[in-house]
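Remarks on the overall topology
Spelled out from the first residue to the last, the chains are:
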Amino acid sequence: MDGDFRHEFVREPGSLRHNPALVLNADYRPLSYYPLSLWSWQEAVKAAFLDRVTILAEYEDVVRSPTTEIRIPSVVVLKDYVKPQKRVAFTRFNLFLRDEFCCQYCGAKGDLTFDHVIPRARGGITSWENVVAACSRCNLQKGSKSLRQSGMGLRKPPRQPEAEQLRNLGRKFPPNHLHESWIDFLYWDAELQQE
């Protein structure tokens, strides 16, 4: 499979296909990197009209009402800070993000499923510490055997990620579309390379 397997997990509503707005928290960081915090242009215009956001950048396109004309926002910042969640939900998407969308046995990037390191048939539980991303081939090869019995090894031990760790991992997977007005806001806190 190709490297775009990860895109199957982010459902992009049709409203985000045309002039989406990058949404920044009050600290000027995206609410999330993966999936990238985006609003439809309609949501961004409504939030600006209700004075919930400040518009930082705009598209050339405009929308009109009988009394108003406004350029469509491309970057908005919330006026009120939204505290990031500390607890990371144990979901299929977050598990694949933790494992960087690759099989923890062979490193393949496509056709992913998940595998219990200690098989459920042998008392293994479904938890961050016992479940890893695995390609179908490796999952079938391992089956209900232990790592030693299967002769397989893990690329890294499974651990429960912290919310900040997942946010940082999300930065490694830019979306298919990045508008030029977003770039300065997506990577402003990245460490600069020294020469």
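Above this note sits the structure.
Residues numbered from 1 in each chain as written. Predicted model: local features only at pLDDT ≥ 70, side-chain atom pairs only at ≥ 80, totals over all residues. Heavy atoms only, no water.

A tally of helices and strands in the protein yields 6 helices and 6 strands. Its helices and strands taken in sequence order, the protein reads β-β-α-β-β-α-β-β-α-α-α-α from the N to the C terminus. Across the 195 residues that make up the protein, the buried fraction comes to 39%. Sequence-distant contacts in the protein: of pairs separated by 6 or more residues, those separated by 24 or more amount to 62%. With the model as given, the accessible surface of the protein reaches about 12100 Å², and the carbon-plus-sulfur share is 49%. (Helix = DSSP H or I, 4+ residues; strand = E, 2+ residues; numbered from the N terminus. Buried < 20%, exposed > 50% of the residue type's maximum accessible area, 1.4 Å probe, protein only. Contact = heavy atoms within 4.5 Å. Areas by Shrake-Rupley, 256 points an atom, 1.4 Å probe, with all protein chains shown as cover.)

Quick look at the pattern of salt bridges now. For the structure on display, the rule yields 8 salt bridges. With its nearest N and O atoms 3.4 Å apart, the salt bridge here joins Lys-142 to Asp-115. Of the two residues, Lys-142 is situated in helix H3 (residues 136-142) and Asp-115 in strand E5 (residues 112-116); the sequence distance between them amounts to 27 residues. Residue Lys-142 shares its accessibility class with Asp-115, and that shared class is buried. (Salt bridge = Lys/Arg side-chain N within 4 Å of Asp/Glu carboxyl O.)

Moving on, we get to helix H5 (residues 163-170). Within the span of H5, buried status applies to Ala-163, Leu-166, Leu-169 and Gly-170. Each buried residue of H5 lies within a common arc of 125 degrees when the element is viewed along its axis, so the set occupies one face. Considering only its buried residues, H5 is in contact with helix H2 (92-98). (Arc of directions from axis to C-beta.)

Time to look at the pairing of strand E4 (residues 69-78). Of all 10 residues in E4, 7 are buried, a share of seventy percent or more. Both strand E3 (residues 53-64) and E4 contribute to a ladder of 8 bridges, which runs antiparallel. Its bridge partner lying in E4, Glu-58 is registered against Pro-73. Counted between consecutive antiparallel strands, the loop separating E3 from E4 contains 4 residues. (Pairing = 2+ DSSP bridges.)

This model, assessed by the stated rule, comprises 2 aromatic pairs. For the pair Phe-93 and Phe-101, a centre-to-centre distance of 6.1 Å together with 65 degrees between the ring planes defines the contact as edge-to-face. The pair formed by Phe-93 and Phe-101 is uniform in burial state, with each residue classed as buried. (Phe/Tyr/Trp six-rings, centres within 6.5 Å; stacked < 30°, edge-to-face > 60°.)

With mixed pairing, the 4 strands of this open sheet are ordered in space as E2-E1-E4-E3. The sheet is open, and its two edges are formed by strand E2 (38-39) and E3, each paired on a single side. Strands strand E1 (21-24), E2, E3 and E4 of the sheet are contacted by helix H1 (residues 41-49), whose axis makes an angle of about 120 degrees with E3. (Axes fitted to C-alpha atoms, helices over the stretch in contact; angles between N-to-C directions.)

In this structure, Tyr-34, Leu-97, Phe-101, Cys-103, Tyr-105 and Cys-138 are the most contacted members of the largest nonpolar core, which totals 23 residues. Listed by contribution, the elements that provide at least two residues to this core are H2, strand E6 (131-135) and H5. Ranked by residue count, the leading element in this core is E6, at 5 residues. In this structure, Leu-36, Val-45, Val-75 and Trp-182 belong to the second largest nonpolar core, which totals 14 residues. (Core = buried A, V, L, I, M, F, W, Y, C linked by side-chain atoms within 4.5 Å.)

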